[in-house]
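What follows is the residue order along each chain.
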Amino acid sequence: MQHRKISFIGAGNMAGAIISGLVESGYPAHLISVCAPSTTHRDALAEKYGVQSSSDNSGCAKEADVVVLSVKPQMMADVCKALQKDVDFSDKLVLSIAAGVSVARFCELLGENLNIVRIMPNTPSLVGKGMSGLYAPVQVSQADRDYSGELMTAVGKICWVDTEEGINHVIAAAGSAPAYFFLFMEAMQAEAQRLGFSAETAQMLVEQAASGASALVAASPDTPLSELRENVTSKGGTTFEALKVFTDRKLPEIVSEAMQAAIARAQEMEKLF
Ligand SMILES: NC(=O)C1=CN([C@@H]2O[C@H](COP(=O)(O)OP(=O)(O)OC[C@H]3O[C@@H](n4cnc5c(N)ncnc54)[C@H](O)[C@@H]3O)[C@@H](O)[C@H]2O)C=CC1
Ligand SMILES: O=C(O)[C@@H]1CCC=N1
């Protein structure tokens, strides 16, 4: 892949996950810089991965070919306004990983016809298992689209969406999704402990079942999920009774409602930030 000089503005969970995944996949650390006001996270990243660390957002952005906006949506306007005063973005590629901040808003903050790609990643990027959705408005060149896609492919899988609304759908299906699975696993772990297993054993039971199920899905690309589920569900057996509880409590409806709630919040944020 192309190796451009890239600067992350914001050194939190998501920037850290992408930086880690990039360096692990061979992106040259000396081409990566990370900026945040406090030293805690950025210095840890600098120490662990050999990237540059700074508190000077504008300085880092000026030197970079690619600026990754990775602060919280609530902070984005303030951060962008400060950058806009000092930095000429006309020859840069801007990548935003923020939920709920639109291309139109970025153009308002950083300049018309901004060369911007919106990316919706997720935290498994940390271990090269990320899932990112990407959206680019019409003004973005093929070379910049290719670079953005290759960048995120270095930390996982990607899918392009044709409309910006698609980014909110990616949030619901992948960006926020690791948390859904963690919540489910937390609940299982708690119940396993109530059954008398030690915390350590409960964790092992649930983690291994989850990673085993996920590995089985990955190893069976042509097998529908329903078939994998049926393979576990013996007639008149235990799994049937467990699944019946989920069905009776309308798990599919709950999942649908939860994903729609994520989308609704992203839409609301687009109006707020
Ligand atoms: N955490 C996740 O799973 C995902 C997060 N995102 C997006 O990534 C963005 C960051 O989220 P997280 O990493 O979770 O948040 P976080 O709170 O972990 O990180 C935010 C970072 O911004 C830094 N920051 C605060 N003020 C700043 C300033 N003025 N200049 C530079 N840096 C500043 C903070 O020091 C912190 O390092 C958000 O916009 C979120 O929507 C997108 C997909 C997944
Ligand atoms: O919760 C959030 O708003 C961010 C976006 C997707 C995952 N975390």
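Residues numbered from 1 in each chain as written. Chains lettered and ligands numbered in written order. Predicted model: local features only at pLDDT ≥ 70, side-chain atom pairs only at ≥ 80, totals over all residues. Heavy atoms only, no water.

Colleague: What is the right way to look at the site of ligand 2 in this model?
Modeller: The environment of ligand 2 is made up of Ala-99, Gly-175 and Ser-176. When ligand 2 sits alone it has 250 Å² of accessible area, and the protein chains cover 47% of it. Applying the majority rule of atoms within 2 Å of the grid points places ligand 2 in the second largest pocket. (Near = heavy atom within 4 Å. Areas by Shrake-Rupley, 256 points an atom, 1.4 Å probe, with all protein chains shown as cover. 1 Å grid on protein atoms, 1.4 Å probe; cavity = no way out; pocket = protein on both sides within 12 Å on 5 of 7 lines; lining within 4 Å. Sits in = over half its atoms within 2 Å of the grid points.)

Colleague: Can you walk me through the confidence of the model for the chain in this structure?
Modeller: In this model, the chain carries a mean pLDDT of 97, and residues with pLDDT of at least 70 account for 100%. Reported confidence for the predicted complex is 0.98 by ipTM and 0.96 by pTM. (pLDDT = per-residue confidence, 0-100.)

Colleague: Even after reading the chapter, I still don't get the domain arrangement of the chain, so can you show me in this structure?
Modeller: Here the domain parsing of the chain yields domain 1 (6-162) and domain 2 (177-269). Taking the mean C-alpha position of each, domain 1 and domain 2 sit 32 Å from one another. (Domains from an automatic or database assignment.)

Colleague: So what exactly am I meant to see when it comes to helix α12 (residues 251-272) here?
Modeller: The α-helix advances 3.6 residues per turn, and as a result positions three or four apart in sequence lie on the same side. A rise of 1.5 Å per residue sets the reference length of α12, with its 22 residues, at 32 Å; its end C-alpha atoms lie 31 Å apart and thus fit the reference within 8%. Residues Ala-262, Ile-263, Ala-266 and Met-269 constitute the buried set of α12. When α12 is viewed along its axis, its buried side chains cluster within an angular range of 120° and face the same direction. In this structure, α12 carries Glu-257, Lys-271 and Leu-272 as exposed residues pointing more than 90 degrees from its buried face. (Helix = DSSP H or I, 4+ residues; strand = E, 2+ residues; numbered from the N terminus. Expected span 1.5 Å × (residues − 1). Buried < 20%, exposed > 50% of the residue type's maximum accessible area, 1.4 Å probe, protein only. Arc of directions from axis to C-beta.)

Colleague: Could you clarify how one ought to interpret the site of ligand 1 in this entry?
Modeller: Within the structure, ligand 1 sits among 22 residues, and Asn-13, Met-14, Asn-57, Val-71 and Ala-99 are positioned closest to it. Taking Ala-11, its main chain carries an N or O atom lying 3.0 Å from an oxygen atom of ligand 1. Ala-99 has a polar backbone atom sitting 3.0 Å from an oxygen atom of ligand 1. Protein contacts shield 79% of the accessible area of ligand 1, which totals 830 Å² for the unbound molecule. Assessed atom by atom at 2 Å from the grid points, ligand 1 resides in the second largest pocket. (Polar contact = N/O pair within 3.5 Å; in protein donor to acceptor, adjacent residues only side chain to side chain.)

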